[in-house]
Amino acid sequence: MEKTLSSKSAVEKSLALSNLSKKAYRTVLMAGLVALSSAVLFASLLFSQSLKAGIAGLRSRMGADLLVVPKGYERGAENILLSGEPNYFYMDSSVLDAVRSVEGVEKASAQFYLTSLSESCCDFPIQIIGFDRESDFIVQNWSRSRIKTDSNGEFLLSGSNVSVEKGSVKFFGREHKISARLSKSGSGMDNVIFCDFASLDNIFEDASSRGFGFISDGDTKNKVSTVLVRLSEGASPDATSLRIKKILPEVQVIVGEKFIRNFSERLSSISVFLYSISILVLLITTLSLSLVFTITINERRREFSILRVLGADRSSLRSVLFYEALILGAGGSLFGTGLSALVIIPFNALISQKIALPFAMSGPGYILAFAAGVFVVTLLSCLLASLRGALRVSKIEPYGDVK
């Protein structure tokens, strides 16, 4: 009995493949539609999850409860966090001591942004950020390996997207040893070189001696770009922010958690849009395939009538149509998903840079799960599309005189 059923199934699969190969042009168009639907669905899932991972990475990189920047430059600070876009702004270093004196502030550490006027100064466009190693409570915690200080006393930490050759980076024609690489976050911090103030002064002096110009004057002792604040336990971010602005009206305070929350809400709308597009494309694909399957039943009435005359029952005719749908779904899904993966995965760093959003590529587990999910959903949609045609096939009767 099992052998008979297996033989029957093999015949039905063979008929389905034969039918699809005879109508190659139509088959390619239908498979292409399925591939497009699969590619859009897979890309949407991968993008949404990668954006979520980017937000998680950004939250871990924030590290500070508050960011104090010059008034009017909060957008510039946000762009550095989100995309690592080089920027510069400065305020008097006395701001640091004033912030430390505010009630509710447990720790405060300053950073200095160095930006070059010359495009040829560096081998790649990055932001150079100087920080105080003694008061720092954020940057050094991101290291993914043991931190080593260069024999020349330099201290540089590189973001995961920064090109490092033989443990060094080159600025203004001079090699600088990297003390450690920072773990990947998917945020703009992956495109940044961090160094202590002494190393920053060396880079500035080295560049100046070679005739390179800077927007800042490199005065790390009297100027800072931003002050990062960690609050005391139980301190209110909003209340502390108001106290800082009261004594320092020339600054703007960014509340870290509020910034992350607002940005997450904006990204949620992007995810909803991506999912909506995916559902719409999947719906159009299902309806289009359903229409094609239904219309072609009339063209294939002679074919199915002959099969009925030869002894095929109604379930066999339905199975042939279902196998055709499964073959189209499997082939189209594998091609579309594979093509989408080949575009997104190898170029994820470039995509992150172009969209200027936190984007951390999902791990292999997520990618395989999304691919499997897309495969199953695509097969189900193709089977659903063939259902109406299968019901019409079931009504075909054997005729003695087949025309």
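Throughout, residues of each chain are indexed from 1 in the direction in which the sequence is written. Local features in this predicted model are restricted to residues of pLDDT 70 or higher, and side-chain atom pairs are both shown and tallied only at a pLDDT of 80 or more, whereas totals for entire chains, interfaces and linings draw on every residue. Hydrogens and water molecules were not included; the side-chain quantities draw on all heavy atoms of the structure.

## A few points about the nonpolar core
The test is simple: What is meant by a nonpolar core is a set of buried Ala, Val, Leu, Ile, Met, Phe, Trp, Tyr and Cys residues, joined one to another through side-chain atoms within 4.5 Å. Three exposure classes are used, based on accessible area relative to the maximum for each residue type with a 1.4 Å probe and protein chains only: buried under 20%, partly exposed in between, and exposed over 50%. Helix and strand labels come from DSSP, where a helix needs a run of H or I of at least four residues and a strand needs a run of E of at least two; each type is numbered from the N terminus. Domain delimitation follows an automatic or database domain assignment.
Formed by 45 residues in total, the largest nonpolar core has its most connected members in Leu157, Phe194 and Phe259. Elements with a contribution of two residues or more to this core: helix H2 (24-62), strand S1 (66-70), helix H3 (74-83), strand S4 (127-131), strand S9 (192-196), helix H7 (256-299), helix H9 (314-344) and helix H11 (364-393). Looking at this core, the element that brings in the most residues is H2, giving eight residues. If you count residues domain by domain, this core takes at least three from each of domain 1 (1-58 + 263-394) and domain 2 (72-249). In terms of nonpolar packing, the next biggest core, distinct from the first, is built from 20 residues, Leu66, Val68, Val105 and Ala110 among them.

## Here we look at the sheet that holds S9
Operational definition: At least two DSSP bridges between two strands are required for those strands to pair.
With mixed pairing, eight strands are arranged side by side in an open sheet as S8-S5-S9-S4-S3-S11-S1-S12. Each edge of the open sheet carries a strand with a single partner, namely strand S8 (180-181) and strand S12 (251-255). Two elements, strand S3 (residues 105-114) and S4, share four bridges in a ladder whose sense is antiparallel. Its bridge partner being in S4, Tyr113 is matched across the sheet by Ile129.

## Notes on the pairing of S3
Extensive coverage of S3 is indicated by the burial of eight of its ten residues. In this sheet, strand S11 (residues 226-231) lies alongside S3 in antiparallel orientation, the contact comprising six bridges. Note on S11: the bridge partner recorded for Ser109 is Leu228.

## Considerations on empty space enclosed by the protein
Selection rule: Grid points spaced at 1 Å and placed over the protein atoms alone form the basis of the search, with a cavity being a set where a 1.4 Å probe fits but cannot get out and a pocket an open set showing protein on both sides within 12 Å along at least five of seven lines. Lining residues have an atom within 4 Å of a point. Grid points are joined across faces, edges and corners, and a volume is the space filled by probe spheres set on the points. When residues are grouped by polarity, Ala, Val, Leu, Ile, Met, Phe, Trp, Tyr, Cys and Pro land in nonpolar, Asp, Glu, Lys and Arg in charged, and all others, Gly among them, in polar.
The final tally for this structure, using the stated rule, is four cavities of 30 Å³ or more. As a volume, the largest cavity reaches approximately 120 Å³. Taken together, 15 residues make up the lining of the largest cavity; nearest its centre are Leu67, Leu81, Gln111, Met189 and Leu228. Those elements that provide at least two residues to the lining of the largest cavity are H2, H3, S3 and S11. Looking at the lining of the largest cavity, its residues break down into twelve nonpolar, two polar and one charged.

## What to know about the packing of aromatic side chains
This is how it is decided: To pair, rings of Phe, Tyr and Trp, with the six-membered ring standing in for Trp, must have centres within 6.5 Å; the planes then decide the type, stacked if under 30 degrees apart, edge-to-face if over 60, and tilted in the middle.
Counted according to the given criterion, the structure contains seven aromatic pairs. Pairing Tyr73 with Phe89 gives two aromatic rings, centres 5.5 Å apart and planes at 25°, and the pair type is stacked. Here the residue Tyr73 occupies a position in the loop between S1 and H3, and Phe89 occupies one in the loop between H3 and strand S2 (91-92), the gap between them amounting to 16 residues. Where Tyr366 meets Phe370, the ring centres are 5.9 Å apart and the plane angle is 35°; that geometry is what we call tilted. Of this pair, Tyr366 and Phe370 both sit in helix H11, four residues apart, which is roughly one turn of that helix. A relative accessible area of 45% places Tyr366 in the partly exposed class. Assessed through its relative accessible area of 14%, Phe370 is described here as buried.

## Considering the side chain of Gln49
For clarity, the cut-off: Throughout, a contact is declared for two residues whenever any of their heavy atoms are within 4.5 Å.
Mapped onto the fold, Gln49 is located in helix H2. Leaving out residues up to four positions away in the same chain, Gln49 has contacts with Ser362, Tyr366 and Phe370.

## What about helix H5 (residues 197-209)?
Definition in use: In this analysis, the expected span of each helix is defined as 1.5 Å times one less than the number of residues it contains.
Relative to the 18 Å expected for 13 residues at 1.5 Å per residue, H5 spans 18 Å between its end C-alpha atoms, a close match to the ideal helical length. Those residues of H5 that sit buried are Phe197, Ser199, Leu200, Asp201, Ile203, Phe204, Asp206 and Ala207. Turning to H5, the residues buried within the fold contact S3, S4, strand S5 (156-158), strand S6 (168-171), strand S7 (174-177) and S9.

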